[in-house]
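One letter stands for each residue in the lines below.
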Amino acid sequence: MTTSTGLRPAARMSAIGTESAFEVSARARALEAEGRSIIHLQIGEPDFDTPAHVREAAKRALDDGATHYAPFPGIPALREAIAADVQLRKGVAADPKQVFVTVGGKGVMLYAILGLVDPGDEVLVPDPGYPIYESLTTFVGATAVPIPIRMENDFRLDVDELASLITPRSRVLFINSPANPTGGVLTRDDLTRIAELAVEHDLWVVSDEIYGRILYDGEEHVSIATLPGMAERTIILDGFSKTFAMTGWRLGYAVVPESLIPTYAQLVINTISCAPTFAQVGAVAALTGPQDDVEAMLVEFKARRDLVVAGLNDIPGIRCATPVGAFYAFPSIGGTGLSGAELAERLLHEAGVCVLAGTAFGGVGTDHIRISYANSRDNLSEALGRIGRFVEGLGRG
Ligand SMILES: Cc1ncc(COP(=O)(O)O)c(C=O)c1O
């Protein structure tokens, strides 16, 4: 945009994308302000409160003076707790010095792209996938190469197809398991074959494991970093937002190969100096304290998942696979005669249900919508009723 003064944003701003959940939320809130009833199924955020012992730890930390800068990679107690947790839950042997505490898991993505990708490089990203991978890639003048993820393949990428997309310009591969927006999970066999490709083509891998503990039906979480040849090329992205219902605390972390410690150090120092100190004290309590709240959230998420999948499959024209992890459903809605974008728009305005179009996550999910079931069962039942009545009305109209 050019103003009358000739002042303008940098040209590179035309290459950045967005995360439409935030923009759609603002539109939904504007409708609510006009008195409309809207059920919010658009945002990927647990509706639970952060566990009480975590909040207490952060409150105490404030009173104890944790109001100053922390060391730039994070407070030692948290880096140690993360290294121990990563060993316990992912089987990854990491030294605390490989751990960087960031502002949200999003920080880890930003540093991976800024630190590893040159203009003209190619970055392989899941499609549908978390939109920020692509947005930041194009922002730095690189090309995002979509890896199609399809419902017919249980929302797992097809490794042969991935192999066909790799070129001499490929630099970084993003994987996300369990996945946003599909709830798909890569199997150990998938990950083994992906790891072989990464080694063969000398790719960095960013493994977004932010939903690694939100897994159902006894599914195991496998980190690609544990597979042969991967420790030196994998950046693990994880954080506190989803597992511990701590979205507003803005805490994520990276576990990086030794060779990337200086890269992450420079980028953290240049951008945030450090993540908030008292919040980090709370995060230590989250990792080392009782895990009952996490377990209880999982039980509730599973019940909601089952409610949503069954309810959606009862609606003519909608087909919904059962997500294996995370808290999203990504139903195919082509049978309604509308595209995902049309259905999302009309559900918001005509039925009072806010969901996202599949295309918010790339071009492949045109006939899908994303529903976040991080909402109460009462609200989910009401939303399913509204969606069902709306779709039925389409048939009559
Ligand atoms: C796949 C994925 N990765 C990372 C994030 C970033 O989360 P945060 O920055 O809150 O840690 C999100 C949030 O929605 C996500 O869905």
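Here, the structure is the one placed above.
Remember, predicted model here, so these are calculated numbers, not experimental data. (Residues numbered from 1 in each chain as written. Predicted model: local features only at pLDDT ≥ 70, side-chain atom pairs only at ≥ 80, totals over all residues. Heavy atoms only, no water.)

Draft legend 1. Region of the structure containing helix α5 (residues 131-139). Within α5, the full set of buried residues consists of P131, I132, Y133, S135, L136 and T137. Within two residues after α5, G141 carries a phi angle of roughly 85°, on the positive side. (Buried < 20%, exposed > 50% of the residue type's maximum accessible area, 1.4 Å probe, protein only. Helix = DSSP H or I, 4+ residues; strand = E, 2+ residues; numbered from the N terminus.)

Draft legend 2. Seen up close, the site of the ligand. Looking at the ligand, there are 14 residues lining it, with G105, D208, Y211, S241 and K242 nearest. N180 places a polar side-chain atom, nitrogen or oxygen, 2.8 Å from an oxygen atom of the ligand. Protein contact buries 94% of the 400 Å² of open area that the ligand shows by itself. Mapping the ligand onto the cavity grids shows that it belongs to the largest pocket. With four residues, the single largest contributor to the shell around the ligand is helix α4 (residues 104-116). (Near = heavy atom within 4 Å. Polar contact = N/O pair within 3.5 Å; in protein donor to acceptor, adjacent residues only side chain to side chain. Areas by Shrake-Rupley, 256 points an atom, 1.4 Å probe, with all protein chains shown as cover. 1 Å grid on protein atoms, 1.4 Å probe; cavity = no way out; pocket = protein on both sides within 12 Å on 5 of 7 lines; lining within 4 Å. Sits in = over half its atoms within 2 Å of the grid points.)

Draft legend 3. Looking closely at the packing of α4 against helix α8 (residues 261-271). With their axes 10 Å apart at the nearest point, α4 and α8 run at an angle of 115° to one another. Seen along the crossing, α4 lies across α8 with a hand that is right-handed. In this structure, α4 uses V108, Y111, A112, L114 and G115 to contact α8, whose residues at the interface are T263, Y264, L267, V268 and T271. Of the residues assigned to the contact of α4 with α8, the class counts are seven nonpolar, three polar and no charged. (Axes fitted to C-alpha atoms, helices over the stretch in contact; angles between N-to-C directions. Left-handed = near helix turned anticlockwise from the far one by under 90°. Contact = heavy atoms within 4.5 Å. Nonpolar A, V, L, I, M, F, W, Y, C, P; charged D, E, K, R; others polar.)

Draft legend 4. Focus on the side chain of D238. Mapped onto the fold, D238 is located in strand β7 (residues 234-239). The class of D238 is buried, set by a relative accessible area of 9%. Looking at D238, its side chain comes within polar contact range of the side chain of K90, at 2.6 Å. Setting aside chain neighbours within four positions, we find D238 in contact with K90, G105, E209, I210, G252 and Y253.

Draft legend 5. Inspection of the nonpolar core at higher detail. Residues F174, I235, Y264, L312, F327, L347 and I371 are the most contacted members of the largest nonpolar core, which totals 70 residues. Residues in contact with F174, not counting those within four places in the same chain, are M109, I113, V123, L124, V125, P126, Y133, I147 and V206. (Core = buried A, V, L, I, M, F, W, Y, C linked by side-chain atoms within 4.5 Å.)

Draft legend 6. Up close: the packing of helix α2 (residues 52-63) against helix α9 (residues 277-288). The geometry of α2 relative to α9 is characterised by a closest axis approach of 8 Å and an angle of 145° between their N-to-C directions. The chirality of how α2 crosses α9 is right-handed. On the side of α2, the interface is formed by H53, V54, A57, A58, A61 and L62, while α9 contributes F278, V281, G282, A285 and A286. Taken together, the residues of the contact of α2 with α9 sort by class into nine nonpolar, two polar and no charged.

Draft legend 7. Geometry of the pairing of strand β8 (residues 252-255). Where burial is concerned, the two faces of β8 agree: the one with G252 and A254 and the one with Y253 and V255 are both buried. With four bridges joining them, strand β2 (residues 99-102) and β8 adopt antiparallel strand pairing. Residue V101 lies in a different strand from β8, and its bridge partner there is Y253. Here β7 pairs with β8 via four bridges, running antiparallel. Across the sheet, residue I236 finds its bridge partner in β8, namely V255. (Pairing = 2+ DSSP bridges.)

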